[in-house]
Amino acid sequence: MKHELFPSFPSRRWHVCFMLLITFLFSCQKLEVVEPDSCSFQSTTEIIDSSSASELSRIICQTLNEEKIPGIQVSIRDSTGKSWNIASGFSDLDQNRLLHDSDLLRIGSVTKMYTATLILKLIEEGSVQLDQKLSSFFPEYHTVRDVTVRNLLNHSSGIVDIFSIPALFVSSSAFPDKFWNPHHLAEICMEKNLEFDPGTDQSYSNTNFILLGLIAEQVTGMKIHMVFRERLFAPLDLENTSLVPYAPPPPNLISGHVRHYALSMSEWYTFKPDHTSWSTLAYSAGALVTNASELSRFVHLLFQNRILDQETLSSMLDFEGDRGLGISRISVNGRQMYGHEGEITGFESVAVYDPATGTTIAICSNKTPFDIYTLLDQIEAQLE
Amino acid sequence: MKIAFALLGYIMFTLPVQSQMANRDAEAPVARNTISASFGGAGIYYALNYERLLVQHRKIGIGASTGIGTDFSSALFGREFSLPVGAFILYGKKNGRLELGAGLANYFLKQYDYGEDRHETAYRALFVPSIGYRYQKRTGGFMVKAGFSPVINLGKASQSAMPWFDLGIGWVF
């Protein structure tokens, strides 16, 4: 009798198949294979010969295809400051626009190199001392009173990482337009117990660099994006570098892509230029926007003593383990280089400086996660 | 989000059939009120909920729920909260039943105005469908449930769909 009204009533097995089919159909988005000659914008300079350039182009396109990355920018800069730049792939998953070397990407935690440089400049100016305690900046938070600026810069503060708090991840994912207050973020972490006594251990914490940004605001009386603009970007002519969304998103800022079902119920989660949740969660620990060319230029200028005094730069490279002041020691094909890796939702980047040759390599991509160090190794090997 | 619509379509497609089938089954005395604590669902984080079973006919039960949800850890507690409302359907004759739900999370988001250095409370409506398993005796007592409940933000500037879950424990009376 029951089948008379609904003669085609599906079986339980059919239900399951139906749901699996729908899930599969809506979750797949295919990236077309990228060919080296058809999708790359290269600048021509004398620092890379044509055979090396085409081999580098091949390596990058191979990475794009193997890692399912929409686009990658690479900038290689020699000790004289001359650069070779390449942009391969696409600016988005729709593949209707090629990635240009002038397009802007988020660089995540590579921001920490800039923030550290900014603080060290403020130290040179006398506004901040390296061993100044947080009690002089945030007297109401007793837990962190003995933490110093140096502890923040080399991750020896013991302050909890803001990115380890699940509720903030959930809120950032559910509300892409959420604008976090950096003071609130810092307060959340400063109210928690330290993971260890300051200076006795090291643990990577984004909160350290959020606090450094707040200190920069406090001692200059300016908003953080303006401090960056006035102290670093304008004097160094880094006109495409900015802290977004504190500064308005530039028109050529592209979207980032995360290949992760758990963020968006589909294969790809997109971090659009006008989204604010992830970048305001990062603040001065990871909200910078730039391109590979300007990134390599900043790193080159930093290590060529064009930003900081020699003595200050030496203190930046005073490593405890592999961590200096906002700088990491990174092994590339067994060579010790200085730099930082960055990852923020949808973007992955790295920038390194080889003290032996004076060469800088910067890589920016609009996808995360992927093994950026393997690509870095391959590029460096090609340069040898 | 497309998957959520597909899920809804699936629910709408199969419910009339399930209802027809349930009419043939015997009915039992029913406890209609539930107080529960949950994690996930339309409460987004932790929530305290009240549910009322409005209709119980053979295998099918239809009810409505409301509650208040927030993050009781220090991160968002006291700053952001959700007032979830929803409707649900229970299907099954035994104590373990299929639960299908459609929830609306009336979420009050604390937004920071960076230029003005002040906070404002912004309202966001989140659609939270759910499908899951619920154990509860018809006559009352202990209740536990677990389900899949994606959070769908339909806001113009904040469209997103986040896979999420709904875990609950409560008392039926």
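Cut-offs and rules
Residues numbered from 1 in each chain as written. Chains lettered and ligands numbered in written order. Predicted model: local features only at pLDDT ≥ 70, side-chain atom pairs only at ≥ 80, totals over all residues. Heavy atoms only, no water. Helix = DSSP H or I, 4+ residues; strand = E, 2+ residues; numbered from the N terminus. Patch = residues over 30% accessible without salt bridge, like charges linked within 9 Å, V, L, I, M, F, W, Y side chains within 5 Å. Areas by Shrake-Rupley, 256 points an atom, 1.4 Å probe, with all protein chains shown as cover. Salt bridge = Lys/Arg side-chain N within 4 Å of Asp/Glu carboxyl O. Buried < 20%, exposed > 50% of the residue type's maximum accessible area, 1.4 Å probe, protein only. Pairing = 2+ DSSP bridges. Contact = heavy atoms within 4.5 Å. Expected span 1.5 Å × (residues − 1). Axes fitted to C-alpha atoms, helices over the stretch in contact; angles between N-to-C directions. Parallel < 35°, antiparallel > 145°, perpendicular 65-115°, else oblique. Left-handed = near helix turned anticlockwise from the far one by under 90°. Nonpolar A, V, L, I, M, F, W, Y, C, P; charged D, E, K, R; others polar.

A. Region of interest: unusual backbone geometry. Residue and element names in this part refer to chain A. Between valine 244 and the following residue, proline 245, the backbone shows a cis peptide bond with an omega angle of 20°. Take proline 245: it is sitting in the loop between β5 (242-243) and β6 (256-259). In this structure, the amide linkage connecting threonine 368 to the following residue, proline 369, adopts the cis form with an omega of -5°. Within the element layout of this structure, proline 369 appears in the loop between β13 (367-368) and α14 (372-383). Positive phi, normally seen in glycine, also occurs at methionine 265, with a value near 65°.

B. Inspection of a nonpolar patch on the surface at higher detail. Residues and elements named next belong to chain B. A cluster of nonpolar side chains, contributed by Ile35, Tyr50, Phe142, Val144, Ile169, Trp171 and Phe173, occupies part of the molecular surface with about 680 Å² of accessible area. Of all the secondary structure elements, the ones that give two or more residues to the nonpolar patch are β7 (141-148) and β10 (165-172). For valine 144, the position within the fold is in strand β7. The partly exposed category is assigned to valine 144, whose relative accessible area is 31%.

C. Representation of the sheet that holds β6 of chain A. Residues and elements named next belong to chain A. The three strands lie next to each other as β7-β6-β13, forming an open sheet whose pairing is mixed. The sheet terminates laterally at β7 (268-271) and β13, the two strands that pair on one side only. Sheet topology note: the β6/β13 ladder contains two bridges and is parallel. The residue of β13 that forms the bridge with valine 258 is threonine 368.

D. Representation of the side chain of serine 349 of chain A within the structure. All names here are of chain A. Within the element layout of this structure, serine 349 appears in strand β11 (residues 347-354). According to the relative accessible area criterion, serine 349 is buried, its value standing at 0%. The contacts of serine 349, once residues within four sequence positions are left out, are Ile107, Val110, Glu341, Gly342, Ile363, Cys364 and Ile372.

E. Fine view of helix α4 (residues 111-125) of chain A. Residues and elements named next belong to chain A. Spanning 15 residues, α4 covers 21 Å between terminal C-alpha atoms, matching the ideal 21 Å at 1.5 Å per step. Of all 15 residues making up α4, 12 are buried, and the element is well covered by its neighbours. Positive backbone phi, at 95°, marks glycine 126, one or two positions downstream of α4.

F. Structural context of the packing of α4 of chain A against helix α8 (residues 206-220) of chain A. Residue and element names in this part refer to chain A. In contact at an axis separation of 10 Å, α4 and α8 are set at 40° when each is read in the N-to-C sense. By the angle between their directions, the pair α4 and α8 is classed as oblique. Every pair of crossing elements has a handedness; the one defined by α4 and α8 is left-handed. Contacts between α4 and α8 involve Lys112, Thr115, Ala116, Leu118, Ile119 and Leu122 from the first element and Asn206, Phe209, Leu212, Gly213, Ala216, Val219 and Thr220 from the second. Its residues placed into classes, the contact of α4 with α8 shows eight nonpolar, four polar and one charged.

G. Seen up close, the side chain of asparagine 206 of chain A. Looking at where asparagine 206 of chain A falls in the secondary structure, it is placed in helix α8. On the accessibility criterion, asparagine 206 of chain A (9% relative accessible area) is buried.

H. Region of interest: the sheet that holds strand β4 (residues 105-106) of chain A. Residues and elements named next belong to chain A. Spatially, β4-β8-β5 is the arrangement adopted by the three strands of the open sheet, whose pairing is antiparallel. Lying at the two open borders of the sheet, with one neighbouring strand each, are β4 and β5. Both β4 and strand β8 (residues 288-290) contribute to a ladder of two bridges, which runs antiparallel. Residue pairing in the sheet places arginine 106 in a bridge with valine 289 of β8.

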